[in-house]
Amino acid sequence: MIYNVPFLAVVVLIAIGAYALLFKRNLIKIAIGLTILESGVNLFLITLGYREGDVAPIYTNLPSGRGMVLPVPQALTLTSIVIGVAVLALILSLIIRIYRKYGTLDSHEMRRLKE
Amino acid sequence: MALETTGGYWSPVIWLAAFIVAFLISYIIWGMGEKKHAKGEQEKPFLSGMEEPPKEEVHIRAENMYWGFTDTLRGYYDFMKKIHTGIINDYVLWFLGMATIFFIVVILPEVFK
Amino acid sequence: MNDWIVTNAPILIIATPLFAAFLTPLVDRVSKRGRDAMVFVATLITLVIAFILAKNVFDNGLVVYTLGGKSVGLTLPSGYHVPVRIILEVDGMSVFMAMISTLTSFVGLLYSFSYIKGEGSGKYYTLFLMMLVGMLGMEMTGDLFNLFVFLEILSVSSAALIAFYARKGKPLEASIKYIIISSLAALFVLFAIGLLYGEYNLLNMGALAGEISSEATFTFTTQIAFILLFASFVLKAGAAPMHMWLPDAYGEAPGAISMVLVAATQASLYALLRVCFTVYSMAIDASTIGIILISLGLVSIFIGATMALIQINMKRLIGYAAVAEIGYILLAIGVGFFELAKVGGGGVISEYGLKALQGGVFHIFNDVLDIGLLFLVAGAVIYVTKESNLNKLGGLAHSMKYSSIFFIIGMAAVSGLPPLNGFASKILIYESVYKVSPITSIIAILASIFMLAIFVKIFHSVFMGPKLSEFATCKEAPKLMLGSMAVIAVIMIFFGLFPDFVVNNIVNPAVNALMNQAGYIGSVLGGV
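Residues numbered from 1 in each chain as written. Chains lettered and ligands numbered in written order. Predicted model: local features only at pLDDT ≥ 70, side-chain atom pairs only at ≥ 80, totals over all residues.

1. Comments concerning the overall build of chain C
For step 1, the next point in the chain: The helix and strand inventory of chain C stands at 19 helices and 2 strands.
For step 2, the next point in the chain: The globule rule puts the C-alpha radius of gyration for 528 residues at 24 Å, and the 22 Å found for chain C is close to it.
For step 3, the next point in the chain: Along the first, second and third principal axes, the C-alpha atoms of chain C reach 75 × 60 × 40 Å.
For step 4, the next point in the chain: In chain C, which comprises 528 residues, the share counted as buried stands at 62%.
For step 5, the next point in the chain: Within chain C, residue pairs in contact and separated by at least 24 positions form 81% of the contacts whose partners lie at least 6 positions apart. (Helix = DSSP H or I, 4+ residues; strand = E, 2+ residues; numbered from the N terminus. Rg over C-alpha atoms; globule rule 2.2 N^0.38 Å. Buried ≥ 20, exposed ≤ 12 C-beta atoms within 10 Å, placed from the backbone. Contact = placed C-beta atoms within 7 Å.)

Written as structure tokens, this is what we have:
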């Protein structure tokens, strides 16, 4: 049961992220919700690779008789974290420019492009 | 030379040749009409005696062009404009809602079989 | 030298614009003309390599290029061995989409040379080349995680380019809506990739297809991964009712970027086809998926065509017409998938199912060309008059003669009038969809009439009518813009007059590659 706790944490994080994306009006809160959702997916990727009783996947000076956890999801997670940083930087710079133009950060007010 | 479709075939070269032949025939018939007609006052449109207003004032703008159609379907268009809100939260709601509908339609019948 | 280019073409086609994209800011500091020349040469080389690769694939079948090794299952002398390495797998459908992407980028670049002026243009060309890299990477790759990375590259550079004219307010709003919804879709794709990796310990699309198609190893999590991938790629392709970001993004992008964005959404549609036809093929409930695709197509056609009738912003209206065109493609692909499900994995598809797939795939190319030409003309009108509100424009045909001729060609092609290319693909779609259900064919034909009505509205209010006083000083669009419009118009007329040449030589290999899942798997696993 203890080994299922990270998966439950993934579900909780994705739910919080989706809640913030759906129901929060402030643009900064929407960006934070997107980041929390991304953290949830990254946690899911790392938790996939865990094997019971194994150590970190560093090949040199491996203690004899021990296995390694899967290294591929760790590579996928690193790539995903970097992509998340780039997207977050773009979103935040767009929010700064939008605040100067529209004067508000409310997503319900930011509706010049409707219908 | 022809594209095979389900019901037959479509050959644009033959179509173009037929179009040119029909165009030539109608051009020759048009050329055999009356060549002389009075110019000046007889060419103007008749608007029950009124002067024809300048063209800039009667040019129909884009919003009013299909007034008959959009006015008839007023209920449908009001509903559509209400759906297309432009709020980012609604875009996410549509995405998650459709993903849930796909899940229910595709996977649940397999589970309960 | 020629041999080296042919064998390494799959990686050269991604590496050339990537290398040029990173060099552009440096060259930009030195001279502007040098930067223009370098970007032009890079895009031209990519176009040539795309055609060389296309010739190679049409002659020799599928091409597999292993990154960093000689063959797919190579064992290094030190004993290091993985089941499948990272590969680029190029078949008929990939090369079809690569031709579309490189062609639209080349024409868009010619157009941008006279549209984009002033400071900041160095960043524009860098992001433009990165969009090309993202599109080509998505189309060449044989690996699911590679697909995710290139999808994100494409989304980020497109979002930055949509917000290029950041002095006004609306492009910023369109860009933030695009990047939020696109990032959400990409996160769901990553989640599905994680599920598939945890289930099968494989990321390669061919090897995954081999594992999924066997009954013993198909589980519930694989179906959930399929639903997540399907929903995300359908959102990125712009099908209704998840289409609302599309008119915003297309309507506020500068000039030629709208045309390249159409090619970018077709790249996401390609990813959807890859997931449905190659990775999963018959393992899921394919007839239900086919019916879902048909319904999405019909809803998109209807919503796109009717909502476009009430718009007053020129580019936004063309964006809604693009939603309707995506509906046609989804309708035809849905009919093809439904027919493929009837005969199972190894059987021969029925005649009208094959024609439906050919019509759908041909319509992908025609959609990009037609809507692209209309966006280019709209961009020229906005460049000349600085006005995009249809209520204020009028009487431009007196001064912009050639642009109005190109607009008539584009309008006739989009609404499916013979003898242009729109009619050739639409008649394939109408006649094959009729066999499934007559109602769908009737809705499709009525929507074509709607499309004609929509563009007659633009044509009447922008080009016809008397010369207005506020546009008295407007001249014709610059020659380079007219040249790029002419390139597309010539290709459209060629496709319209010789559709059998295009369907037999370009579309047929793509459709056969889509249906041939066994060949795709065999070239990866058989080479071990």
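2. Describing the overall build of chain A
For step 1, the next point in the chain: When helices and strands are counted, chain A shows 3 helices and 0 strands.
For step 2, the next point in the chain: Secondary structure elements in chain A, listed N-terminal to C-terminal, are α-α-α.
For step 3, the next point in the chain: Computed over its C-alpha atoms, the radius of gyration of chain A comes to 19 Å, more than 25% above the 13 Å expected for a compact globule of 115 residues.
For step 4, the next point in the chain: Taken over the C-alpha atoms alone, chain A extends approximately 65 × 30 × 20 Å along its principal axes.
For step 5, the next point in the chain: Taken across its 115 residues, chain A has 29% of its residues classed as buried.
For step 6, the next point in the chain: Here the analysis covers contacts within chain A between residues at least 6 apart in sequence; of these, 51% occur between residues at least 24 apart.

3. What to know about the pairing of strand 2 (residues 87-90) of chain C
Residue and element names in this part refer to chain C.
For step 1, the next point in the chain: Across the two faces of strand 2 the burial is the same, with I87 and E89 and L88 and V90 all buried.
For step 2, the next point in the chain: Note that strand 1 (residues 63-66) and strand 2 share 4 bridges and pair antiparallel. Residue T66 lies in a different strand from strand 2, and its bridge partner there is I87. (Pairing = 2+ DSSP bridges.)

4. Observations concerning the interface of chain C and chain B
For step 1, the next point in the chain: Taken together, the contact between chain C and chain B spans 46 residues of the former and 36 residues of the latter.
For step 2, the next point in the chain: When residues of the side of chain C that touches chain B are assigned to their parent elements, the largest contribution, 6 residues, is made by helix 15 (residues 421-436) of chain C.
For step 3, the next point in the chain: Taken together, the residues of the side of chain C that touches chain B break down into 29 nonpolar, 9 polar and 8 charged. (Nonpolar A, V, L, I, M, F, W, Y, C, P; charged D, E, K, R; others polar.)

5. Overview of the confidence of the model for chain C
For step 1, the next point in the chain: On average, residues of chain C score 90 in pLDDT, and 99% of them reach the 70 mark or higher.
For step 2, the next point in the chain: Our summary of model confidence lists the complex with pTM equal to 0.93 and ipTM equal to 0.95. (pLDDT = per-residue confidence, 0-100.)

6. Structural notes on the environment of T16 of chain C
Residue and element names in this part refer to chain C.
For step 1, the next point in the chain: Assignment of secondary structure puts T16 in helix 1 (residues 2-30).
For step 2, the next point in the chain: Separated by 26 residues in the primary sequence, T16 and A42 have C-alpha atoms spaced 6.5 Å apart.
For step 3, the next point in the chain: Apart from the residues lying within four places of it in its own chain, the contact partners of T16 are A42, I45, T46 and I49.

7. Overview of unusual backbone geometry
Residue and element names in this part refer to chain C.
For step 1, the next point in the chain: Cis geometry marks the peptide bond from A240 to P241; its omega dihedral reads 0°.
For step 2, the next point in the chain: If you trace the backbone, P241 turns up in the loop between helix 8 (220-237) and helix 9 (245-252).
For step 3, the next point in the chain: Cis geometry is found at the peptide bond from P418 to P419, where omega equals 0°.
For step 4, the next point in the chain: Position of P419 among the secondary structure elements: in the loop between helix 14 (401-414) and helix 15.
For step 5, the next point in the chain: Backbone geometry places N201, a non-glycine residue, at a positive phi of 60°.
For step 6, the next point in the chain: Its place among the elements puts N201 in the loop between helix 6 (170-200) and helix 7 (205-213).
For step 7, the next point in the chain: You can call N201 partly exposed: it has 13 C-beta atoms within 10 Å.

8. Observations concerning the packing of helix 5 (residues 144-162) of chain C against helix 6 of chain C
Two measures define how a pair of helices packs: the angle their axes make with one another and the distance between the axes.
Residues and elements named next belong to chain C.
For step 1, the next point in the chain: The interhelical angle for the contact between helix 5 and helix 6, taken along N-to-C directions, is 175°, at an axis separation of 9 Å. Taken together, the axes of helix 5 and helix 6 lie roughly antiparallel to each other. Taking contact as the criterion, the partners of L144, F145, F148, L151, E152, S155, A159 and I162 in helix 5 are, on helix 6, P171, A174, S175, Y178, I179, S182, S183, A186, V189, L190, I193 and L196.
For step 2, the next point in the chain: For the contact of helix 5 with helix 6, the per-class residue count stands at 15 nonpolar, 4 polar and 1 charged. (Axes fitted to C-alpha atoms, helices over the stretch in contact; angles between N-to-C directions. Parallel < 35°, antiparallel > 145°, perpendicular 65-115°, else oblique.)

9. A look at helix 5 (residues 88-106) of chain B
For step 1, the next point in the chain: The terminal C-alpha atoms of helix 5 of chain B lie 27 Å apart, and with 19 residues this matches the ideal 27 Å at 1.5 Å per residue to within 8%.
For step 2, the next point in the chain: Of the positions making up helix 5 of chain B, those classed as buried are I88, Y91, V92, F95, A99 and F102 of chain B. Looking straight down helix 5 of chain B, one finds its buried side chains confined to an arc of 100°; they lie on one side. Away from its buried face, by an angle of more than 90 degrees, helix 5 of chain B presents the exposed residues G97, T100, I101 and I104 of chain B.
For step 3, the next point in the chain: Buried residues belonging to helix 5 of chain B abut helix 1 (5-23) and helix 2 (27-48) of chain A together with helix 6, helix 8, helix 9 and helix 11 (286-308) of chain C. (Expected span 1.5 Å × (residues − 1). Arc of directions from axis to C-beta.)

10. Concerning the packing of helix 8 of chain C against helix 10 (residues 257-280) of chain C
Residue and element names in this part refer to chain C.
For step 1, the next point in the chain: Direction vectors running N to C along helix 8 and helix 10 enclose 155°, while the axes themselves pass 8 Å from each other. With respect to helix 10, the axis of helix 8 lies roughly antiparallel. The crossing of helix 8 and helix 10 is left-handed. Taking contact as the criterion, the partners of F226, L229, F230, F233, V234, K236 and A237 in helix 8 are, on helix 10, T265, S268, L269, A271, L272, V275 and Y280.
For step 2, the next point in the chain: The residue makeup of the contact of helix 8 with helix 10, split by class, is 11 nonpolar, 2 polar and 1 charged. (Left-handed = near helix turned anticlockwise from the far one by under 90°.)

11. Concerning the interface of chain A and chain B
For step 1, the next point in the chain: On the side of chain B, 10 residues touch chain A, which itself brings 11 residues to the contact.
For step 2, the next point in the chain: Among the elements that line the side of chain A that touches chain B, the one with the most residues is helix 1 of chain A, at 4 residues.
For step 3, the next point in the chain: A class-by-class count of the residues in the side of chain A that touches chain B yields 6 nonpolar, 2 polar and 3 charged.

12. Describing the nonpolar core
For step 1, the next point in the chain: Core analysis: the largest hydrophobic core is formed by 257 residues, its most contacted members being A321 and L331 of chain C.
For step 2, the next point in the chain: With residues up to four places along the chain from it excluded, the contact list for A321 of chain C reads G304, A308, I371, V414, M451 and I454 of chain C. (Core = buried A, V, L, I, M, F, W, Y, C linked by C-beta atoms within 7 Å.)

13. Topic: the environment of T100 of chain B
For step 1, the next point in the chain: Here T100 of chain B lies in helix 5.
For step 2, the next point in the chain: Residues T100 of chain B and Y76 of chain B, spaced 24 residues apart in sequence, show a C-alpha to C-alpha distance of 26 Å.

14. A few points about helix 3 (residues 92-115) of chain C
For step 1, the next point in the chain: Here helix 3 of chain C spans 34 Å end to end across 24 residues, near enough to the 34 Å set by a 1.5 Å rise per residue.
For step 2, the next point in the chain: Of all 24 residues in helix 3 of chain C, 19 are buried; the element is thus mostly enclosed.

15. What to know about the environment of S281 of chain C
Residue and element names in this part refer to chain C.
For step 1, the next point in the chain: Along the chain, S281 turns up in the loop between helix 10 and helix 11.
For step 2, the next point in the chain: A count of 23 C-beta atoms within 10 Å places S281 in the buried class.
For step 3, the next point in the chain: Measuring from C-alpha to C-alpha, the distance between S281 and A397 comes to 51 Å, with 116 residues separating the pair along the chain.

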